[in-house]
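Observations on chain architecture
Listed below are the residues making up each chain.
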Amino acid sequence: MTKNQKIRLQFIDAMFAVHGRVSRAQIIDVFGVAMACASKDLTAYTKLNSQVYFSHQHLSYLCREYFMPVEGLLDLPAVKFLESLSIVFAVPNLALEENVMPIPRAVNHE
């Protein structure tokens, strides 16, 4: 795992711990990576933590009720990590719910 991928996996872990969800679009927005890279990171995370799953209804990854972050992945509390990341990447404070994209709903084309 590269240093950059580890930071993205830490971001994913922190988003689950604080908000219970993360989307590929959020990874792309914060880190400026390609869609394929964000997808690869989410796949890698699901191999580290079986308590998350993709919701087709919400078009996001969600965590189960009894979510536990990956042991040893984050070196500081998830909220502090998101606050620090917001400063480094000059994005809104992602520790605050109002700065996190709402969960999208799949459109039913019936």
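To be clear, the structure that these remarks concern was listed above.
This write-up is about the structure you can find in this document. Per chain, residues are indexed from 1 in the order of the written sequence. With pLDDT at 70 or above as the cut-off, local features in this predicted model cover only qualifying residues; side-chain atom pairs require 80 or more to be listed or tallied, and sums for whole chains, interfaces and linings still use all residues. The side-chain numbers reported here are obtained from all heavy atoms of the structure, hydrogens and water having been left aside.

Comments concerning the overall build of the chain
The test is simple: Put simply, DSSP marks the helices as runs of H or I at least four residues long and the strands as runs of E at least two long, and each gets a number from the N terminus on. Each residue is placed in one exposure class: buried if its accessible area under a 1.4 Å probe, protein chains only, is under 20% of its type's maximum, exposed if it is over 50%, and partly exposed if it falls in between. Working rule for contacts: check all heavy atoms of both residues, and any pair within 4.5 Å makes them a contact.
Counting its regular elements, the chain contains four helices and three strands. When the helices and strands of the chain are placed in sequence order, the string is α-β-α-α-β-β-α. Counting only residues that meet the buried cut, the chain has 39% of its 110 residues in that class. If you take every contact in the chain between residues at least 6 apart in sequence, the share linking residues at least 24 apart comes to 58%.

Considerations on the sheet that holds strand 2 (residues 52-55)
Cut-off, in case you're wondering: Two strands qualify as a pair provided that DSSP identifies no fewer than 2 bridges between them.
Within the open sheet, the three strands sit side by side as 1-3-2. Their pairing is antiparallel. In the strand order of this sheet, the two ends are held by strand 1 (21-22) and strand 2, each with one partner. One ladder, built from two bridges, connects strand 1 with strand 3 (residues 60-63); its direction is antiparallel. Bridge pairing links arginine 21 to leucine 62 in strand 3.

Things to note about the nonpolar core
Going by this rule: Here, nonpolar core refers to any group of buried Ala, Val, Leu, Ile, Met, Phe, Trp, Tyr and Cys residues whose side-chain atoms link them within 4.5 Å.
Counting 25 residues, the largest nonpolar core has Phe11, Ile12, Phe16, Val22, Ile27 and Tyr45 as the members making the most contacts within it. Broken down by secondary-structure element, the contributors of at least two residues to this core are helix 1 (3-19), helix 2 (24-31), helix 3 (35-48), strand 3 and helix 4 (78-88). Looking at which element gives the most residues to this core, the answer is helix 1, with six residues. Those residues in contact with phenylalanine 16 that sit more than four places away from it in its chain are Arg21, Val22, Tyr45, Val52, Tyr61, Leu62, Cys63 and Phe67.

Topic: the pairing of strand 3
Side chains Ser60 and Leu62 of strand 3 all project onto a buried face; the interleaved residues Tyr61 and Cys63 project onto the opposite face, where all are buried too. One ladder, built from four bridges, connects strand 2 with strand 3; its direction is antiparallel. From the neighbouring strand, serine 55 faces strand 3, where its bridge partner is serine 60. Linking strand 2 to strand 3, which pair antiparallel, is a turn of four residues; within it leucine 59 sits at a positive phi near 55°.

Let's talk about unusual backbone geometry
Phi is positive for leucine 59, close to 55°, though the residue is something other than glycine. By relative accessible area, which is 42% here, leucine 59 ends up partly exposed.

Focus on the environment of phenylalanine 54
Mapped onto the fold, phenylalanine 54 is located in strand 2. According to the relative accessible area criterion, phenylalanine 54 is partly exposed, its value standing at 35%. Once the C-alpha coordinates of phenylalanine 54 and leucine 42 are considered, the two residues, twelve residues apart in sequence, prove to be 9.5 Å apart. Dropping the residues within four chain positions of it, phenylalanine 54 is found in contact with Leu59, Ser60 and Tyr61.

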